[in-house]
Amino acid sequence: MSRLTAWFSEGRSSGKHTLPFVVILLGVTLLASAANLFLPADSALYVSTYTITLLGKYLCYAMLALAVDIIWGYCGILSLGHGAFFALGGYAMGMYLMRQIGDRGVYGDPLLPDFMVFLDWKELPWFWLGMDQFWFAMLMAVAVPGLLAFVFGWLAFRSRVTGVYLSIMTQALTYALLLAFFRNEMGFGGNNGLTDFKEILGFSLQSDSTRISLFIITALLLSVIFVISQRILSSRFGKVVLTIRDAESRSRFIGYRTDRYKVWLFVYSAVIAGIAGALYVPQVGIINPGEFSPVNSIEMVIWVAVGGRGTLIGAVIGALLVNYAKTRFTAIMPDAWLFALGAMFVLVTLYLPKGLMGVYGQLKAKYRPTNAKESQV
Amino acid sequence: MSALDNTRELFRRDQVWPFLAPAQSRVNVDNQMILYVEDLNLSFDGFKALNNLNLYINDGELRCLIGANGAGKTTLMDVITGKTQCDSGTVYFGQNHNLLNKDEAEIAQLGIGRKFQKPTVFEEQTVFDNLELSLKTDKRVLPTLFSRLTPTQIDRIDEVLKTIGLAEHRFMLAGALSHGQKQWLEIGMLLAADPRLLLIDEPVAGMTAQETERTAELLTSLAGERTVIVVEHDMEFVRSIARTVTVLHQGSVLAEGTMDQIQSNKDVIEVYLGEEAVGEKGAEQGKGERA
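Computed from a prediction, not measured in an experiment: that's the story for all the values here.

(A) Region of the structure containing the overall build of chain B. Secondary structure summary: chain B contains 13 helices and 10 strands in total. For chain B, whose C-alpha radius of gyration is 21 Å, the value lies close to the compact-globule estimate of 19 Å for 291 residues. Dimensions of chain B, computed from C-alpha atoms along their principal axes, come out at roughly 65 × 55 × 35 Å. Sorting the 291 residues of chain B into buried and exposed places 40% on the buried side. A fraction of 67% describes how many contacts in chain B between residues 6 or more apart in sequence connect residues 24 or more apart.

Next comes the structure, spelled out in structure tokens:
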């Protein structure tokens, strides 16, 4: 235990953005929650429950962006299939929430979820067993994405598949899962997915207090994951990961088994994506195969690109900004959103190769010439 | 073979199953030999890059490899360090480590360090980090995750920094170093790794005369406790450091001996040093082939 605390305290110096980030994130979270709970609905500062849920959703996306950034920005592995891990985590949570409905479903079957009754199934498929236990479902939410990432990573990285080929394979992975989950026979609700959730751990999902709790839990977990990731990436492990991005073969000649490093980083990233998915589902109230769609996975990459890859904070900021823009934009001109997204990606790639965090760095260098010299040297 | 024979073969009493055998980390150099390269063959699309190559390196020796472009020098290093698979032959490190069934990382962990022709350092990281990463440590995933720099390791890095003359630049990004400094950093990374055998490919390319001199000093001082193999085109430099020189030609050893012996060797004069004696012919011949 003391070794662990020592390990964390050592990393504090390296991530100078960590503390401000955590303070701001938790501060805003608490203020927004308090404004929702204690202010009257007609107050100017009142935050509606809708906004709280929206913010919670953004934070889940931020966590997902963190996962993509860890693997892409730091290790150079462009995964276009992180939506798969996110959705798998989401499905694990969705299965738990489905089983919590019990006999309050439309068909009133005490055991079988509605869609199974509709399909005339007589008993619960084996993989639905145990999903009524919260701890087991949460274990699955991290274990299933982690295991998939391990098997996929082990096969791909050991055969030294890199670059575009790997990206295409991840894309194919998520697309294959999309098609599989669309099938009714898979036992995951087919096209409609899992929805109509009632409660989580006995708390109604519709009540304000549950929504605020979920929002706060999401913010807390995002902070914890942020701190742990920062620490991992500033350790020697993180330095090795950077060498894999910049000169993998050199790293091998120094004696690092780069494939193993990549596999474990990929698993870590997938687990974060799974957690994000599990937090996402109770807040939006539905999980369906659409989450597996390749477009989603590409969108995640754009969040990270806009924010600035290779900086954890950039990934979070990118996810928040792009999703806020998406919310506003789809309200005004729903059809134009994908064009705007594409344009954003092109512009960022052309003019801001390091994303918004890169702009921040340039500005800082410009206005503090003495520092600029140091950082450039 | 019948099932019985198979079983007998499997349970031979004079052998231990590989997974039960104790891991041999020590390099056995009882015969004063550290590297055995025997009957090595490798061809790329019909072009014989290595052709029945035999090479023995003594423990603690400083050996220079010379040869025209395409003679197989870099390819030989690729095979030794596990980058390239050869078609046939054996490569042993000491008497007990077969290098051909190991990958790059394993070979590096055994204590074989390599410096490339083109300096490759980790440009996005500081000079200090570059050296830290090269230190001889446990390089598995978990130990690396929880590793911390010990005072001894920091001292070791400082020492190396001083040796390579980059002490003032320790927190500079490696990408910002000059070409010569990168060369030095790469040599420093080799030193930090504390290897038994160093394979050094063109160490003085792009260095000034002064730097070249310092490199020569450093390499000669390394020999003795470590074994050094240097590939170099700069004959002046080779003369200044080498005790034994091996001349490669078309993938096999043409001659071996001291610099003087080599220079008076007829075959060598014809195919390599002939550049000076015979004129431009030899140089043009070599140009078409790949290094």
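(B) Here's a closer look at the overall build of chain A. Within chain A, the regular secondary structure consists of 15 helices and four strands. On C-alpha atoms alone, chain A measures out to a radius of gyration of 21 Å, which is about the 21 Å that the 2.2 N^0.38 rule sets for 377 residues. Dimensions of chain A, computed from the C-alpha atoms along their principal axes, are close to 70 × 60 × 50 Å. Restricting to contacts in chain A with at least 6 residues of sequence separation, those with at least 24 account for 77%.

(C) Summary view of the nonpolar core. All names here are of chain A. Counting residues in each nonpolar core, the largest one holds 172 residues, and the members touching the most others are Met63, Leu64, Ala65, Leu66 and Ala276. Take this core: its biggest share by element is 16 residues, from helix H3 (residues 49-72). When sequence neighbours within four positions are dropped, the list of residues in contact with Leu64 reads His82, Phe86, Ala273, Ala276 and Met300.

(D) Inspection of the pairing of strand S2 (residues 47-58) of chain B at higher detail. Bridging between strand S1 (residues 33-44) of chain B and S2 of chain B involves eight bridges; their strand directions are antiparallel. Bridge assignment links Val37 of chain B to a residue of S2 of chain B, and that residue is Leu55 of chain B.

(E) Here's a closer look at the environment of Gln250 of chain B. Residues and elements named next belong to chain B. Within the secondary structure, Gln250 sits in the loop between strand S9 (244-249) and strand S10 (252-257). In this structure the C-alpha to C-alpha distance between Gln250 and Lys73, which are 177 residues apart in sequence, comes to 9.7 Å. Discounting residues that sit within four places of it in the chain, Gln250 has contacts with Asn51 and Ala71.

(F) Just the environment of Ala67 of chain A, in detail. Residue and element names in this part refer to chain A. For Ala67, the position within the fold is in helix H3. Separated by 15 residues in the primary sequence, Ala67 and His82 place their C-alpha atoms 8.1 Å from one another. Those residues within four positions of Ala67 in sequence are excluded, and the remaining contacts are His82, Ser269, Ile272, Ala273 and Ala276.

(G) Layout of the confidence of the model for chain A. Overall, the prediction assigns chain A a mean pLDDT of 91, with 94% of residues at 70 or greater. pLDDT under 50 marks residues 371-377 of chain A. Its contacts with residues more than four places away, or in other chains, come to five contacts.

Rules and cut-offs
Residues numbered from 1 in each chain as written. Chains lettered and ligands numbered in written order. Predicted model: local features only at pLDDT ≥ 70, side-chain atom pairs only at ≥ 80, totals over all residues. Helix = DSSP H or I, 4+ residues; strand = E, 2+ residues; numbered from the N terminus. Rg over C-alpha atoms; globule rule 2.2 N^0.38 Å. Buried ≥ 20, exposed ≤ 12 C-beta atoms within 10 Å, placed from the backbone. Contact = placed C-beta atoms within 7 Å. Core = buried A, V, L, I, M, F, W, Y, C linked by C-beta atoms within 7 Å. Pairing = 2+ DSSP bridges. pLDDT = per-residue confidence, 0-100.

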